Number of protein chains: 4
Amino acid sequence: MSLQGWSLPLSPGGAASLVPPPPWHFSGDVIGIDFQGDVGAMASVLPRSMQPSEDGSATFVFIDWSSASETDPRTAADPARGQYKEAYVAVHATVDGARAARVPYIWVDNDLSFARGHIQGFPKKIGTIAMTRPVTVGRGGPKVEHGATFVGHVASLGRRLAHGSVTLQAQAAAGFVPKGMRLPIWHTRLVPDLAGGPPLVHDLARNVLTDFACVDVWDGDATLEFGESDFEELAALAPREIIGGFRCSIAFTITGAEVRPA
Amino acid sequence: MSLQGWSLPLSPGGAASLVPPPPWHFSGDVIGIDFQGDVGAMASVLPRSMQPSEDGSATFVFIDWSSASETDPRTAADPARGQYKEAYVAVHATVDGARAARVPYIWVDNDLSFARGHIQGFPKKIGTIAMTRPVTVGRGGPKVEHGATFVGHVASLGRRLAHGSVTLQAQAAAGFVPKGMRLPIWHTRLVPDLAGGPPLVHDLARNVLTDFACVDVWDGDATLEFGESDFEELAALAPREIIGGFRCSIAFTITGAEVRPA
Amino acid sequence: MSLQGWSLPLSPGGAASLVPPPPWHFSGDVIGIDFQGDVGAMASVLPRSMQPSEDGSATFVFIDWSSASETDPRTAADPARGQYKEAYVAVHATVDGARAARVPYIWVDNDLSFARGHIQGFPKKIGTIAMTRPVTVGRGGPKVEHGATFVGHVASLGRRLAHGSVTLQAQAAAGFVPKGMRLPIWHTRLVPDLAGGPPLVHDLARNVLTDFACVDVWDGDATLEFGESDFEELAALAPREIIGGFRCSIAFTITGAEVRPA
Amino acid sequence: MSLQGWSLPLSPGGAASLVPPPPWHFSGDVIGIDFQGDVGAMASVLPRSMQPSEDGSATFVFIDWSSASETDPRTAADPARGQYKEAYVAVHATVDGARAARVPYIWVDNDLSFARGHIQGFPKKIGTIAMTRPVTVGRGGPKVEHGATFVGHVASLGRRLAHGSVTLQAQAAAGFVPKGMRLPIWHTRLVPDLAGGPPLVHDLARNVLTDFACVDVWDGDATLEFGESDFEELAALAPREIIGGFRCSIAFTITGAEVRPA
């Protein structure tokens, strides 16, 4: 009678566990929009140990992910398990003088991603996310080429939260990585105690990554609008100026986390 | 710059937080099937501090829930937020000689319920759940009456996991509570550490409940079948004998938790 | 080699057919909001043979349906098949001097209902619909009683289309039927011809109903708001005045249709 | 007061109409499995004017589609509108001695595709479909390369209907088109009359296509299994022998239909 599993549910064989242990591999197609919002509003979503940018910079990101587990072939073997879409806002900041980002709000459409995200400190909720995917032949959708428009939108509880688009202009030089894709993200890990004590977990964490790659980067003109929801504070971060957009594919492996006090 | 929220996501106003603090109020309509499975298989899903029943007894439960938060009126105000369906198996056991149950596997269709469940130790995954709801007029569905059949089924990742039914026979005496509804459930709270240490949280917990009610109880003949999934070990608990079924409405308030070592 | 089925898909045994033939039985719980909008906008959604009301009257309706088929027990036997939610606007009008209604726009969350609706002329699209359901015990949601608020909302393609609520005031006298529930609805049946000819079907139809019942009627104060979508013209019918709301349960059987020229 | 729209819903501006008129453009990524089933079962899903193959040949197909409308830019502009997944079985046959196919059963996850399909005679139902999509960088999923496995599965009403996979072996010569992608498909257009008469529409139709393209074709080893559902007869067509699989991208434009008596 020994229960197995890195995460719940525990089971005799360990096959029921929702989240397998890292390393986790990720490959995704990204639609990103760089923008500036209210400086005070951006500052207000940061924990104390993060310093706001001076210009209210942020990036809204839609990603169509494929994910795999080093030790559990089922994650990649079943597309319903390992594939998902997510949408998030990354607020630019600094930590101890180094550039960083904070993701105060994020939505995904898959429970593995939801649970795996909370283990990292990503404050995920379930949402409905749509993203234009490129075609390679025919006229059913855009190809990855000059003038093609890629759209993303996310809704939760029946409310439209964000709608963005990027119309591709030019392919970036090899090796260029959009800022929104290279900033380390500091999360708050927070697990409340139903028994009434202080939080069982409360610290800051950032993922330890290996094998980062960013390819097929295009920049472009962008649009971005946020919607209202009783259940969200995203609208306070609404764009005042759209800086530009990009589309790219990224990949990395998460092997662990670096932790510091909250 | 002070972030608010009992749970993630933290936000300046605290409105983005997914799970509000307890007390939480619950009202639900239940379809339950009592059955016996392989004694060893039932024993194997229990933690060390729980002792198995001698006869492999368990209850499979479908519940159509409405939930509310004492301090957050939004939970009940929006049906997309507070209402959800869940399906689970409760394995009968004892703890220190007292009757108890273990819910090794459970599926829900709502992210608030998912996150709130994990805070309790309920090892929830997202599933697709259907339950017959009664009608009060006409012939579009069954009424709550002798001979009416109520069906529940749950699927996850496109696989049928369980299908059960209860055909109502007789209304129970006032005050009767089906065993599967009165056993205290001991959960494992488990939060893995992405930084590679031992689990950040690992103990046993049971909810502290008030205002428990169980009404409109009917018993009946039942069916129950489990299906296979690469991602589950539910099938090992498959029914060898169906004891009977019930339908009822229940309610309670969760105010906290009692905790003991894992 | 004889294919069976009242509707597509045809199959050797007829079991694959999506829509079984009538009679169809319906039982539903209704949240309705009576309102007035722009008179010209209301008139503009009517076919030529319908005359607009003078005051721009309409009713927005959310219904949580259970449906059954006289000849196919599977519809009621599986809750995933026969149960669904729908949301629609019914514009009040007259036909040949008799009171009637037109449902220009309607959304459902079930493909049987979608296809069965198009056979009637209901211009259904798939949407995501949430409705407060009452509880019978506890505090997880509202009971059907004075002061309780019932909410409905509908979204499609990630856009909120309508959000309404009714706060119950008083139970109606037995036999009272809200106007929005008693007006015969004239639909346009329209099937375009992919081969380029005129429509294969183009006429007006209303359902032939039997066994109509409307019970447990409450009136109340109401709210109603419409949202924008690129794919809809509902917003043109937005409420200028809210008349009031109601909650009730209804039932009827559809046995056929009465048809007239478009 | 003139209502606009090629399909329902009609509206003053024509913007509410679900299906815009052709031409329709399609681009899709395909996972296909060629197999043989029971010869009599395959014959039994054909209409009288189609002759069965001698060997029970069929192809099961999963397609991740992007679709666009020549006259309605909204279809391609919103990924939630124009993109969808579908799964179907194509039974090989002949018509007047010419090779053809019949799609007796098909599932999609989008209401535009559902309605547009029924206009063609595709007997679509709503299902939940998952397909492995390739990655271009990293290890989150397979790349399009030798040894990579692509999986598709489809469920409806919580039942797994089909699960297939193709493990890529070799890229096909330029210009090669898998048989399952080149056979013209004859559909039954069938619209029942709720008023009790004979069907309002009942004939056979095949799409008129232009600009057909099939690229990036790989063949491979395949698996295919069908599941049971009370609502389907697919299982009667279950594979007895798997011939092989393929992955490719296809595109075409539908401009109209050719029609013949049922």
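Keep in mind it's a predicted model, so treat the numbers as computed, not measured. (Residues numbered from 1 in each chain as written. Chains lettered and ligands numbered in written order. Predicted model: local features only at pLDDT ≥ 70, side-chain atom pairs only at ≥ 80, totals over all residues. Heavy atoms only, no water.)

Some remarks on the overall build of chain A
Where we set the bar: Under the scheme used here, helices are H or I runs from DSSP no shorter than 4 residues and strands are E runs no shorter than 2 residues, and both carry numbers assigned from the N terminus. In this description the radius of gyration comes from C-alpha coordinates, and the expected globular size is given by 2.2 Å times residues to the power 0.38. Each residue's exposure class comes from its accessible area (1.4 Å probe, protein chains only) as a fraction of the maximum for that residue type: buried when under 20%, exposed when over 50%, partly exposed otherwise. Contact criterion: two residues are considered in contact whenever any of their non-hydrogen atoms come within 4.5 Å of each other. Surface exposure here means Shrake-Rupley accessible area, sampled with a 1.4 Å probe, where a residue is shielded only by the protein chains that are shown.
If you tally the helices and strands in chain A, you get five helices and 12 strands. For chain A, the C-alpha radius of gyration of 19 Å lies close to 18 Å, the compact-globule estimate for 262 residues. In terms of principal-axis extent, the alpha carbons of chain A reach across some 60 × 45 × 40 Å. Here chain A, with 262 residues, has 64% of them falling under the buried criterion. Across chain A, the fraction of contacts at a sequence separation of at least 24, relative to all contacts at a separation of at least 6, is 66%. Summed over all atoms, the accessible surface of chain A reaches about 8,800 Å², with 51% contributed by carbon and sulfur.

Some points on the interface of chain C and chain D
How big an interface is tends to be expressed through the accessible area that disappears when the partners come together. As a reminder of what qualifies: Buried area adds together the accessible area that both of two parts lose upon being put together, with accessible area traced by a 1.4 Å probe. The salt bridge definition used is simple: a Lys or Arg side-chain nitrogen within 4 Å of an Asp or Glu carboxyl oxygen. Polar contacts here mean pairs of N or O atoms no more than 3.5 Å apart (in protein, one a potential hydrogen donor and the other a potential acceptor; neighbouring residues in sequence count only if both atoms are side-chain atoms). For this scheme, ten residues count as nonpolar: Ala, Val, Leu, Ile, Met, Phe, Trp, Tyr, Cys and Pro. Four count as charged, namely Asp, Glu, Lys and Arg, and the remainder, Gly too, count as polar.
At the interface, 63 residues of chain C touch 63 residues of chain D. Carbon and sulfur atoms make up 69% of the surface buried where chain C meets chain D, a total of about 5,400 Å² over both sides. The interface formed by chain C and chain D holds four salt bridges in total. Ionic pairing is found between aspartate 193 of chain C and arginine 189 of chain D, a salt bridge with its closest N-O pair at 2.9 Å. Counting every contact that joins chain C to chain D gives 20 residue pairs in polar contact (both at pLDDT 80 or more). For the side of chain C that touches chain D, the elements supplying multiple residues, two or more each, are α3 (79–82), β5 (98–108), α4 (111–120), β6 (124–126), β10 (187–191), β11 (201–226) and β12 (241–261) of chain C. Examining the composition of the side of chain C that touches chain D, we find that six residues originate from one element, α4 of chain C, more than from any other. Partitioning the side of chain C that touches chain D into residue classes produces 36 nonpolar, 13 polar and 14 charged.

Here's the deal with the state of the cysteines
Residue and element names in this part refer to chain B. Our working rule: Only a pair of cysteine sulfur atoms within 2.5 Å qualifies as a disulfide here.
As enumerated under the stated definition, the model contains zero disulfides over all chains in all. There is no disulfide at cysteine 214, and the cysteine sulfur nearest it, in cysteine 248, is 3.9 Å away. A residue is classified by how much of its surface remains accessible, and cysteine 214, at 12% relative accessible area, is buried.

Examining the packing of helix α4 (residues 111–120) of chain A against helix α4 (residues 111–120) of chain B
For the record, the criterion: Helix axes are fitted only over the stretch in contact, all axes being lines through C-alpha atoms; the angle between N-to-C directions runs from 0 to 180 degrees. Working definition: roughly parallel below 35 degrees, roughly antiparallel above 145 degrees, roughly perpendicular at 65 to 115 degrees, and oblique for all remaining angles. Here a crossing is called left-handed whenever its near helix is offset anticlockwise from the far helix by less than a right angle, and right-handed whenever the offset is clockwise.
Across the interface, α4 of chain A lies against α4 of chain B with an axial gap of 12 Å and an inter-helix angle of 45 degrees. In terms of their interaxial angle, α4 of chain A and α4 of chain B are classed as oblique. Considering the relative orientation of α4 of chain A and α4 of chain B, their crossing is right-handed. Taken together, the residues of α4 of chain B that come into contact with α4 of chain A (itself represented by Asp111, Phe114 and Ala115 of chain A) are Asp111, Phe114 and Ala115 of chain B. Looking at the contact of α4 of chain A with α4 of chain B, its residues break down into four nonpolar, no polar and two charged.

So, the interface of chain C and chain A
Between chain C and chain A, the contact holds six residues from the first and six residues from the second. Interface area, chain C with chain A, both sides summed: about 500 Å², of which 40% is carbon and sulfur. It is Gly158, Arg159 and Arg160 of chain C that lose the most area in chain C upon contact with chain A, and together they represent 72% of the buried surface on that side. Linking chain C with chain A are zero salt bridges. Where chain C meets chain A, there are four residue pairs in polar contact (both at pLDDT 80 or more). Contributions of two or more residues to the side of chain C that touches chain A are made by β8 (149–156) and β9 (159–171) of chain C.

A look at the relation of the copies chain C and chain D
Look at the two chain copies: a rotation about an axis and a shift along it is all it takes to match them. Using the following cut-off: Copies are brought into register by a least-squares superposition over C-alpha atoms of residues with pLDDT of at least 70 in both.
Mapping chain C onto chain D calls for a rotation angle of 180 degrees and an axial translation of 0.0 Å; the resulting RMSD is 0.0 Å. These values place the two chain copies in the arrangement generated by a two-fold rotation axis. In this assembly the copies share their binding face: 100% of the residues contributing to the interface of chain C also contribute to that of chain D.

Quick look at the packing of aromatic side chains
For the record, the criterion: Any two of the Phe, Tyr and Trp rings considered here, Trp counted by its six-membered ring, make a pair once their centres fall within 6.5 Å; the pair's planes then place it as stacked at under 30 degrees, edge-to-face at over 60, or tilted in between.
A complete count under the given rule lists 34 aromatic pairs over all chains for this structure. An angle of 75 degrees between the planes, with centres 6.0 Å apart, marks the rings of tryptophan 6 of chain D and tryptophan 24 of chain D as edge-to-face. Taken as a pair, tryptophan 6 of chain D in the segment before β1 (24–36) and tryptophan 24 of chain D in strand β1 lie far apart in primary sequence, 18 residues in all. Judged by its relative accessible area of 23%, tryptophan 6 of chain D is partly exposed. A connected cluster of aromatic rings, assembled from ring pairs, spans Phe35, Phe60, Phe62 and Phe226 of chain A.

Regarding the pairing of β12 of chain C
All names here are of chain C. What counts is decided by this rule: Strand pairing requires that DSSP identify at least two bridges connecting the strands.
When strand β1 (residues 24–36) meets β12, the two strands line up antiparallel, connected through 13 bridges. Opposite glycine 28, over in β12, you have isoleucine 250 as the bridge partner. Here β11 runs beside β12; their pairing, made up of 14 bridges, is antiparallel. Within β12, the position partnered with tryptophan 218 by the bridge is arginine 247.

A look at the relation of the copies chain C and chain A
For the pair chain C and chain A, the superposition axis carries a translation of 0.0 Å, the fit reaches an RMSD of 0.0 Å, and the rotation angle comes to 180 degrees. Same-surface contact between copies: 100% of interface residues of chain C are shared with the interface of chain A.

A short note on α4 of chain C
Residues and elements named next belong to chain C. By the criterion of burial, α4 is predominantly enclosed, with nine of the 10 residues buried. Of all the residues in α4, the buried ones are Asp111, Leu112, Ser113, Phe114, Ala115, Arg116, Gly117, Ile119 and Gln120. Near the N-terminus of α4, the side chain that reaches the backbone nitrogen of leucine 112, with its oxygen 2.8 Å away, is that of asparagine 110. Glycine 121 lies just past α4 and shows a positive phi near 105 degrees.

A look at the confidence of the model for chain A
Counted only if it meets this: Summary of the metric used: pLDDT quantifies the predictor's per-residue confidence within the range 0 to 100.
With 100% of its residues at a pLDDT of 70 or more, chain A shows a mean pLDDT of 97. Interface confidence for the predicted complex, given as ipTM, is 0.96, next to a pTM of 0.98.

Considerations on the environment of glycine 256 of chain B
Residue placement: glycine 256 of chain B occurs in strand β12 (residues 241–261). Spatially, the C-alpha atom of glycine 256 of chain B lies 5.0 Å from that of valine 208 of chain B, the residues being 48 residues apart in sequence. Those residues within four positions of glycine 256 of chain B in sequence are excluded, and the remaining contacts are Leu194 of chain A together with Arg206, Asn207 and Val208 of chain B.

With respect to the side chain of serine 229 of chain B
Tracing the backbone shows serine 229 of chain B in the loop between β11 (201–226) and β12. Taking the relative accessible area as the measure of exposure, serine 229 of chain B reaches 10% and is therefore buried.

Brief notes about the environment of asparagine 207 of chain C
Inspection of the secondary structure assignment puts asparagine 207 of chain C in strand β11. What makes asparagine 207 of chain C buried here is its relative accessible area of 13%. Expressed as a C-alpha distance, the spacing of asparagine 207 of chain C and isoleucine 254 of chain C, which sit 47 residues apart in the sequence, is 6.4 Å. Leaving out residues up to four positions away in the same chain, asparagine 207 of chain C has contacts with Gln120, Phe122, His187, Ile254, Gly256 and Ala257 of chain C together with Leu194 of chain D. A polar contact is formed between the side chain of asparagine 207 of chain C and the side chain of glutamine 120 of chain C, at a distance of 2.7 Å.

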